[in-house]
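This is what each chain is made of:
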Amino acid sequence: MESLAVDYLVIGGGIAGFQAVLSLLPHGPAMLVSKGPLSSGSSYFAQGGLALPWGFTESDIESHVQDTILAGAGLCDPDAVRTIVSGGEEAFESLLRYGVPFDRDKNGQFRTTREAAHARPRIVHAGGDRTGAIILKSLADAAFRQPHFRFLSPYQLYQFRKDSEGNIQGAYFLGERDSDLLEIRAKAVILATGGAGSLFLRTTNPRFQRGDGVSVAYRAGCEIERMAYYQFHPTVLDLPGTQPFLLTEAMRGEGAYLLDSKGDRFMFKYHPEGELAPRDVVARALWIELTSDKQQQITLSVGHLPKGFVRKRFPQVYGHLKELGIDLETTPVPVRPAAHFQMGGIRTDLDGRTGIKGLWAIGEVASVRVHGANRLASNSLLEALVMGRRIVESVVSESSEHFPPKTSTTDGKKIEEMILPEFSGEESWSALKTMLWESAGIVRTIRRVRQGLDWVEENLAGTKGPVHGSRFAYANGLLASKLILQDILTSPVTGANCVLFGPEAGIVESERS
Ligand code: SIN
């Protein structure tokens, strides 16, 4: 087995991971290991923008905090919210230093958009609707300019490397072939592998976001929490024969309408803010409309906005639809909700520490309890950037004292000798995704959640034995699904939760779909 050593090992090549690398590099060599290119993670596809307490006064911060808490359905940790929102100004300034070209008006002022459940415009964006890709590329370029940075890809996290006291001192990775097992010894490991949205049948996530980080951390003994709180994005392209594609909430922020089959706006039936209601409210409203009338088709329409505006403001969405033969400016586009964001994950404190020494977690894989049961639009990039900066102090001070990288003790060890996930049975991603969509989708009933859990248990049980390659990814997918389903049965449910849930939310077991 090949063995490498580095001070700081960051796993995951999204905005959280690259921000962490850039924060740590002044303190020692850092390595970032990714499963694929920059476009393999969700950050790259973030369209809407970066939510900031724009103006940055105390009252601007307070307003952003209150909106986050309100959207989170009462389940945010107010300290976490205040910490993340207050970190926005420094995070933004640092992005400007890295050269992120945020969009400006003709007077050179930054443009800000209002998105759903925000009381005021405070979302900055770049390249119109290419904010995630542009921020990520700027951070990655800055990291690649540093002499003590190393990027390894494609490597899949397999297991953490622990010392005799159970402290984490690096990790093992699988390369493209099962025989390519790589050991990386490190003083500290920062996990930033993103969420599990691609375990659901309909999702906005790229295909490899399948809960690997949460699964590996769970096997290592980390506390996993709030996995029930999965966010569903309401406006995702719904065209037969095409992949779901996000139509950013910023479009509604700029005035787009949601229309029913008769061409009427309907969102005011559900919320006084209409199309700008919190994301969970809009997703539920679409689900109700679409399932109560099978003929119903919901479309997103921008035809009433000034000609040329949408093409310029949302070039990515416009271009994607153009390739599909649709002119967004003249044609309402069919939409339907899809799984979007994991609000729970590995429990951490406000400095990203997990319960295991040597391991920190940030971004979508982590649960710092800032998003509650429904994340406020564009707060995910804010969280990733702020946490990617916040970890530095604890990582540097705690890892140097307690976790000197030891020499490799695993040279020559075979993969079979490591502790491995096990499952028997057939590998069927489509069965797994359908099961999770039906049991843990927008509407959940206890009966379906239990059926889903039984299905997962059946697939996890049986013959024991090491799993490699795609079967390893599948074992992770099963485990992450189990964590979601189990958490649904035990998490507090509120009427304003991100899902409708059985009789508690007034929905009976009548299986409406
Ligand atoms: C969007 O652009 O609608 C998604 C942004 C987010 O997830 O907050």
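Look above for the structure.
None of the values given here were measured: they were computed from a predicted structure.

Peer 1: Kindly report on the packing of helix α12 (residues 429–440) against helix α13 (residues 446–460), identifying the contributing residues and their values.
Peer 2: Look at α12 against α13: their axes get within 8 Å of each other, and the N-to-C directions meet at 155°. The angle between α12 and α13 falls in the class roughly antiparallel. The way α12 lies across α13 gives a crossing that is left-handed. In this structure, α12 contributes Ala431, Leu432, Met435, Glu438 and Ser439 to the contact, and α13 contributes Arg448, Val449, Gly452, Trp455 and Val456. Split by residue class, the contact of α12 with α13 holds six nonpolar, two polar and two charged.

Peer 1: Account for helix α10 (residues 315–323), naming residues and giving values.
Peer 2: What α10 keeps buried is the set Gln316, Val317, Tyr318 and Leu321. Packed against the buried residues of α10 are β11 (230–237), α7 (249–253), α9 (309–313) and β14 (333–342). Positive phi shows up at glycine 325, right after α10, with a value of about 85°.

Peer 1: I'd like a rundown of the site of the ligand, residues and numbers included.
Peer 2: Around the ligand, the neighbouring residues are Gln47, Gly48, His233, Leu246, Thr248, Glu249, Arg279, His340, Arg375, Ala377 and Ser378. Between the ligand and glycine 48 there is a distance of 2.9 Å, counted from an oxygen atom to a backbone nitrogen or oxygen. Between arginine 375 and the ligand, the recorded distance is 2.7 Å, taken from a side-chain N or O atom to an oxygen atom. Split by residue class, the shell around the ligand holds two nonpolar, six polar and three charged.

Peer 1: Run through unusual backbone geometry, naming residues and quoting values.
Peer 2: Residue proline 154 is reached from serine 153 by a cis peptide bond, and omega for that bond is 0°. Positive phi is not limited to glycine here, since arginine 369 has a value of about 70°. Here arginine 369 lies in the loop between β17 (366–367) and α11 (379–402). The backbone of serine 378 shows a phi angle near 65°, a positive value even though the residue is not glycine. Of note, serine 378 is situated in the loop between β17 and α11. Judged by relative accessible area, serine 378 falls into the buried class, the value being 6%.

Peer 1: Could you give me a rundown of helix α1 (residues 15–24), with the residues and numbers involved?
Peer 2: Among the 10 residues of α1, 10 are classified as buried, and the element is accordingly described as predominantly covered. Along α1, the positions that sit buried rather than exposed are Ile15, Ala16, Gly17, Phe18, Gln19, Ala20, Val21, Leu22, Ser23 and Leu24.

Peer 1: Kindly report on the sheet that holds strand β3 (residues 50–51), identifying the contributing residues and their values.
Peer 2: Strand order in this open sheet of three strands is β3-β5-β4, and the pairing throughout is antiparallel. This sheet does not close on itself; its edge strands, each paired only once, are β3 and β4 (112–113). Looking at chain direction, β4 and strand β5 (residues 123–124) are connected through two bridges and run antiparallel. Across the sheet, the residue bridging to threonine 112 is valine 124, located in β5.

Peer 1: Tell me about the sheet that holds strand β15 (residues 345–347), and please be specific about residues and values.
Peer 2: Across the sheet, which stays open at both edges, the three strands sit in the order β10-β15-β17 with mixed pairing between neighbours. Two strands in the sheet have a free side with no partner beyond their single neighbour: β10 (224–225) and β17. In this sheet, β17 lies alongside β15 in parallel orientation, the contact comprising two bridges. What sits directly across from isoleucine 346, in β17, is alanine 366. Strands in contact with helix α6 (residues 212–220) are β10 and β15; relative to β15, the strand with the most contacts, it is inclined by about 40°.

Peer 1: Which residues make up the nonpolar core, and what values do they have?
Peer 2: The biggest cluster of nonpolar side chains holds 70 residues, and the ones touching the most others in it are Leu9, Phe160, Ile184 and Leu191. At 10 residues, helix α14 (residues 469–490) tops the list of elements feeding residues into this core. Once residues lying within four places of it in the same chain are set aside, the contact partners of leucine 191 are Ile11, Leu157, Phe160, Gly213, Ala217, Ile346, Leu359, Trp360, Ala361, Ile362 and Val365. Core analysis: the second largest hydrophobic core is formed by 53 residues, Leu95, Val100, Ile362 and Val370 among them.

Peer 1: Account for the pattern of salt bridges, naming residues and giving values.
Peer 2: Counted by the stated rule, this structure contains 27 salt bridges. Ionic pairing is found between arginine 120 and aspartate 60, a salt bridge with its closest N-O pair at 2.7 Å. Here arginine 120, found in the loop between β4 and β5, pairs with aspartate 60, found in helix α2 (residues 58–71); they are 60 residues apart in sequence, far enough to count as distant. Taking relative accessible area as the criterion, arginine 120 reaches 30% and is therefore assigned partly exposed.

Peer 1: Quick one: what's the story with the environment of proline 29, residue by residue and with numbers?
Peer 2: Checked against the element boundaries, proline 29 lands in the loop between α1 and β2 (30–33). With a relative accessible area of 34%, proline 29 lands in the partly exposed category.

Peer 1: Break down the packing of aromatic side chains for me, citing the residues and quoting the values.
Peer 2: Enumeration over the complete set of coordinates arrives at 18 aromatic pairs. Joined through ring pairs, the aromatic side chains of Trp54, Phe56, Phe92, Phe102 and Phe110 make up one cluster. Seen from the ring of tryptophan 429, arginine 210 lies directly overhead, with NZ or CZ sitting 4.0 Å from the centre. Over the aromatic face of phenylalanine 341 sits the side chain of arginine 375, whose NZ or CZ is 4.1 Å from the ring centroid.

Peer 1: Would you mind going over the packing of α2 against helix α3 (residues 78–86) in detail, with residue names and values included?
Peer 2: As a packed pair, α2 and α3 sit with axes 9 Å apart at the nearest point and diverge in direction by 135°. On the basis of their axis angle, the class for α2 and α3 is oblique. Judged by the sense of rotation from one axis to the other, the crossing of α2 with α3 is right-handed. Between α2 and α3, the contacting residues are Ile61, Glu62, His64, Val65, Gln66, Thr68 and Ile69 on the first element and Pro78, Val81, Arg82, Val85 and Ser86 on the second. Split by residue class, the contact of α2 with α3 holds six nonpolar, four polar and two charged.

Rules behind the numbers
Residues numbered from 1 in each chain as written. Predicted model: local features only at pLDDT ≥ 70, side-chain atom pairs only at ≥ 80, totals over all residues. Heavy atoms only, no water. Axes fitted to C-alpha atoms, helices over the stretch in contact; angles between N-to-C directions. Helix = DSSP H or I, 4+ residues; strand = E, 2+ residues; numbered from the N terminus. Parallel < 35°, antiparallel > 145°, perpendicular 65-115°, else oblique. Left-handed = near helix turned anticlockwise from the far one by under 90°. Contact = heavy atoms within 4.5 Å. Nonpolar A, V, L, I, M, F, W, Y, C, P; charged D, E, K, R; others polar. Buried < 20%, exposed > 50% of the residue type's maximum accessible area, 1.4 Å probe, protein only. Near = heavy atom within 4 Å. Polar contact = N/O pair within 3.5 Å; in protein donor to acceptor, adjacent residues only side chain to side chain. Pairing = 2+ DSSP bridges. Core = buried A, V, L, I, M, F, W, Y, C linked by side-chain atoms within 4.5 Å. Salt bridge = Lys/Arg side-chain N within 4 Å of Asp/Glu carboxyl O. Phe/Tyr/Trp six-rings, centres within 6.5 Å; stacked < 30°, edge-to-face > 60°. Lys NZ or Arg CZ within 6 Å of the ring centre and 35° of its normal.

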